[in-house]
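# Working through the structure, step by step
Spelled out from the first residue to the last, the chains are:
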Amino acid sequence: YLADMARQGITLAALLFLLGQINLWFPLILILVSLPHLKAQVHFTRKKANLYMNRVPEQRLIDYLGWLLRNPEAVKEIRLFQTQYYLIGRHQRAREEHFANFVNLAIAQEKATFLLTLLYMASVVAIWMITGMQALAGAISLGNVALAFQTVERSHGGFRNIGMMGGFVVENTLYLDAMFN
C-alpha cells in the first residue's frame, strides 16, 4: 500500500501543479477541503479497528462455548448447573452491543462523509465557476478549461484513493500493534 500511496501522491502533486498553472488558489482549495476528509477516514478506521479489537475477548468466549458444546461431558455439566441461560444471555448481549456500536459508528461515518463530500463539491463548483468566468473574460483558453475540469476530477479521485490506502495502513498498524502488545 505504501508504494501505491507514493505513486498516487506523485500523480496528485503533478495534477495540482498543472491546476496551479491556471490559478494558484485552486490546488490550495482542493488540499484544504480534502484534509478533513482524510482525517475523518483515519479517525473512523481507527474506531472500527478498536471496535473489532474490543470484541476479541467475547469472541474467545464464543469459541470456547462452541468447544464446550461439542464435548458431551461439558454439556452434561452445563445442564446440571443450569448455566446455559447465563452463557447464552451473555453471548446475546455482547452480540447486540457490538452490533449497536457498529451501526452507530457506520452512521456517524456516513454523516461525516456526506458533509465533507458536500464541502468538497462546493469547492469544485466554485473552481468551475471561476474557471468559466476566466474563460469568458478571455484570460484562459478552452484547453485550459478542459484541463481544469479534468484535473479537479482526477485530483478528487487521487485524494480519495490516498485516504482509502491510508485507512488500510492505519487499520493494519493497529492490528499489528494489538497482536504484539
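Source: prediction; values computed, not measured.

Thresholds, definitions, all that
- Residues numbered from 1 in each chain as written.
- Predicted model: local features only at pLDDT ≥ 70, side-chain atom pairs only at ≥ 80, totals over all residues.
- Heavy atoms only, no water.
- 1 Å grid on protein atoms, 1.4 Å probe; cavity = no way out; pocket = protein on both sides within 12 Å on 5 of 7 lines; lining within 4 Å.
- Points joined across faces, edges and corners; volume = space filled by probe spheres on them.
- Helix = DSSP H or I, 4+ residues; strand = E, 2+ residues; numbered from the N terminus.
- Nonpolar A, V, L, I, M, F, W, Y, C, P; charged D, E, K, R; others polar.
- Buried < 20%, exposed > 50% of the residue type's maximum accessible area, 1.4 Å probe, protein only.
- pLDDT = per-residue confidence, 0-100.
- Arc of directions from axis to C-beta.
- Polar contact = N/O pair within 3.5 Å; in protein donor to acceptor, adjacent residues only side chain to side chain.
- Contact = heavy atoms within 4.5 Å.
- Expected span 1.5 Å × (residues − 1).
- Bend = angle between axes of the 7 residues up to and from the residue.

### Brief notes about the layout of surface pockets
- A volume near 470 Å³ is recorded for the largest pocket.
- Around the largest pocket, the lining comprises 26 residues; the ones closest to its centre are His 37, Gln 41, Gln 109, Gly 163 and Met 164.
- A per-element tally of the lining of the largest pocket places helix α2 (residues 25-54) first, with eleven residues.
- Grouping the constituent residues of the lining of the largest pocket by class yields 13 nonpolar, ten polar and three charged.
- In this structure, the second largest pocket spans a volume of roughly 190 Å³.
- As for the second largest pocket, its lining consists of Ile 62, Leu 65, Leu 69, Val 75, Ile 78, Arg 79, Gln 84, Leu 87, Ile 88 and His 91.
- Elements supplying a minimum of two residues to the lining of the second largest pocket: α3 (56-69), α4 (72-81) and α5 (84-136).
- Of all the elements, α5 adds the most residues to the lining of the second largest pocket, at four residues.
- A breakdown of the residues in the lining of the second largest pocket according to their chemical character gives seven nonpolar, two polar and one charged.

### Things to note about unusual backbone geometry
- Backbone geometry places Gln 82, a non-glycine residue, at a positive phi of 50°.
- The topology assignment puts Gln 82 in the loop between α4 and α5.
- You can call Gln 82 exposed: its relative accessible area is 57%.

### Concerning the confidence of the model for the chain
- Overall, the prediction assigns the chain a mean pLDDT of 87, with 98% of residues at 70 or greater.
- Element-level pLDDT for the chain is lowest in α3, with a mean of 78, against a maximum mean of 91 in α5.

### A look at α4
- Within α4, burial applies to Ala 74, Val 75 and Ile 78. Across the axial projection of α4, the buried residues extend over an arc of 100°, all falling on one side. Relative to its buried face, α4 has exposed residues pointing more than 90 degrees away, namely Pro 72, Glu 73, Lys 76 and Leu 80.
- Near the N-terminus of α4, the side chain that reaches the backbone nitrogen of Glu 73, with its oxygen 3.1 Å away, is that of Asn 71.
- Downstream of α4 by one or two residues, Gln 82 has phi in the positive range, about 50°.

### Brief notes about the side chain of Gln 41
- With respect to the element layout, Gln 41 can be found in helix α2.
- Look at Gln 41 and you get buried, because its relative accessible area is 17%.
- In this structure Gln 41 touches Gly 163 and Met 164, once residues within four positions along its chain are discounted.

### What to know about α2
- Here α2 spans 44 Å end to end across 30 residues, near enough to the 44 Å set by a 1.5 Å rise per residue.
- Maximal helix bending in α2 amounts to about 25°, located at Ser 34; proline Pro 36 follows within four positions.

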